[in-house]
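Secondary and tertiary structure notes
One-letter residues, chain by chain:
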Amino acid sequence: MSAYIQSVLAQVKAKNPAEPEFHQAVQEVAESLELVLQKHPEYQSAKILERMVEPERVVMFRVPWMDDQEEIHINRGFRIQMNSAIGPYKGGLRFHPSVTLGILKFLAFEQVFKNSLTSLPMGGGKGGSDFDPKGKSDHEVMRFCQSFMTELYRHIGADVDVPAGDIGVGGREIGFLYGQYKRLTKEFTGVLTGKGLNWGGSLIRPEATGYGVVYFAEEMLKTKGQSFAGKKVAVSGFGNVAWGAVLKVNELGGKVVTLSGPDGFIYDKDGVSGEKVDYMLELRASANDRIKDYADKFKVEFHPGKRSWSMKVDVALPCATQNELDANDAKELVKNGCVCVCEGANMPTTLDGVKVFHDAGILYSPGKASNAGGVATSGLEMSQNSMRLPWSKEEVDRRLHEIMRNIHHACVETADRFGVPGNYVVGANIAGFLKVANAMLDQGLV
Ligand code: NDP
Ligand code: 2IT
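The sections below set out a description of the structure shown in this document.

About the thresholds
- Residues numbered from 1 in each chain as written.
- Chains lettered and ligands numbered in written order.
- Predicted model: local features only at pLDDT ≥ 70, side-chain atom pairs only at ≥ 80, totals over all residues.
- Heavy atoms only, no water.
- Phe/Tyr/Trp six-rings, centres within 6.5 Å; stacked < 30°, edge-to-face > 60°.
- Helix = DSSP H or I, 4+ residues; strand = E, 2+ residues; numbered from the N terminus.
- Buried < 20%, exposed > 50% of the residue type's maximum accessible area, 1.4 Å probe, protein only.
- Lys NZ or Arg CZ within 6 Å of the ring centre and 35° of its normal.
- Salt bridge = Lys/Arg side-chain N within 4 Å of Asp/Glu carboxyl O.
- Disulfide = S-S within 2.5 Å.

The next thing to look at is the packing of aromatic side chains. Aromatic ring pairs are defined here through the distance separating the ring centres and the angle between the ring planes. Enumeration according to the criterion identifies 19 aromatic pairs in this entry. Centre to centre, the rings of F61 and F148 are 5.3 Å apart; their planes meet at 50 degrees, and the pair counts as tilted. With F61 in strand β1 (residues 57-66) and F148 in helix α6 (residues 138-152), this pair connects stretches of sequence that are 87 residues apart. Both residues of the pair, F61 and F148, belong to the buried class. Feature note: the residues F61, W65, F95, F131, F144 and F148 constitute an aromatic cluster, connected by ring pairs. The ring centre of F131 lies 5.5 Å from the NZ or CZ of K136, which sits over that ring.

Scanning the model with the defined rule gives 27 salt bridges in all. The salt bridge involving D359 is made with K355; its shortest N-O contact spans 2.9 Å. With D359 and K355 both in helix α13 (residues 351-360) and 4 residues apart, the pair spans about one turn of that helix. Judged by relative accessible area, D359 falls into the exposed class, the value being 58%.

Before going further, it helps to examine the state of the cysteines. The tally for this structure, following the rule as stated, stands at 0 disulfides. In this structure C342 is not part of a disulfide, and its nearest cysteine sulfur, from C340, lies 5.6 Å away. Summary of cysteine pairing: C411 is not part of a disulfide, and the nearest cysteine sulfur, belonging to C342, is at 10 Å. By relative accessible area, which is 1% here, C411 ends up buried.

The structure is reproduced here in structure tokens:
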């Protein structure tokens, strides 16, 4: 690592103590950028990287709400407006008890590169709360969302910052948030994405992240003359992203044999298909956070307290959360003959885990490239809102597919150009960086 990159990382750690996920995300990008900084010293002299690791703005606020027993709760709300060089801030909201400022900063930082890769005009942001939706009634979730938006509304806007869903935030929450935004501003505008179909949402947005992951993995497999047909696939999580991925793997002739939750994982040797895929939606909506219910209902193996990565599979799609696949899991996958790991979640693989995949020479793609289909389709929702015209399912899916192919091409082409063929991490980081960095140079000292 160059002395320059070392000093940037040291500064990030010193200025942002106790934010290990943010340090991890910055380190992964900074290491990739060495290759570009050697060739283009202008980025270093303009301190582009130092600027990119500092959010343009951070909003942190109190969210008071009352539960059904009339007890008062106080949660913390956040919005990180990371970078607006190429468009309005864009990125999801996460409601999960593990949410901290550092986790949202890592997610916002990743989002900047991801959104750049989509080729759509979107800057990067992320937000959320440490609110735990588990076990809450619809009314409690609504009151929480209304309180959250009562502060957030003054910081966002269709041309300013456009939030969407992430862990714990799906169609129901976006509805409550949108209703409150409208009451406060009197505006019916595309200020959130992932909206309901009757009020400005886009077809395919719910499926988009998972579909995009599988489109991307399909392109990766093609580089080795392979396809999903007949492949065994391990998926982790059972939420929105996992669901979309399972649907598309089935369509392409693969078989998903695992799903996971915080309680462990299930192994379904016959494959997660048909009514079992629909059951994933029920599980997610129940907010019980238990994958064991699937094992009980469909009489399949349940492995308590374990992750999806110990079984023999050809492809792995981590779709749950950050750092859910470490070096030991990676070794296990490689040992069992896995040929492709394509991330649906954001930063699910630890830095050590990534190294295992690279050393083994198997196909590996970072989430910022392979899960960009969700935010890309959010971008398509914004376009439809601006035009006030909805596109058909086929039209949105065609555009999504094309965007994923283009991102794949950009990763492969950039990795080749910088002398590290097949390295999707370097390809994604450099391709994402260049567009944003050049925009920042054009716009002066911003
Ligand atoms: P959901 O809330 O629909 O599902 C999340 C899944 O991950 C659930 O199974 C959840 O179980 C599990 N999970 C969450 N946190 C943890 C944790 N700390 N430990 C173990 N399991 C956990 O979220 P999504 O499917 O939307 O998001 C999944 C991943 O995909 C996240 O990394 C997200 O950032 C990323 N992503 C999402 C996009 C989207 O459009 N929704 C787009 C791109 C990326 P539980 O809640 O019980 O912990
Ligand atoms: O991580 C992500 O890209 C998302 N949660 C989707 C963000 C969006 O604005 O659609």
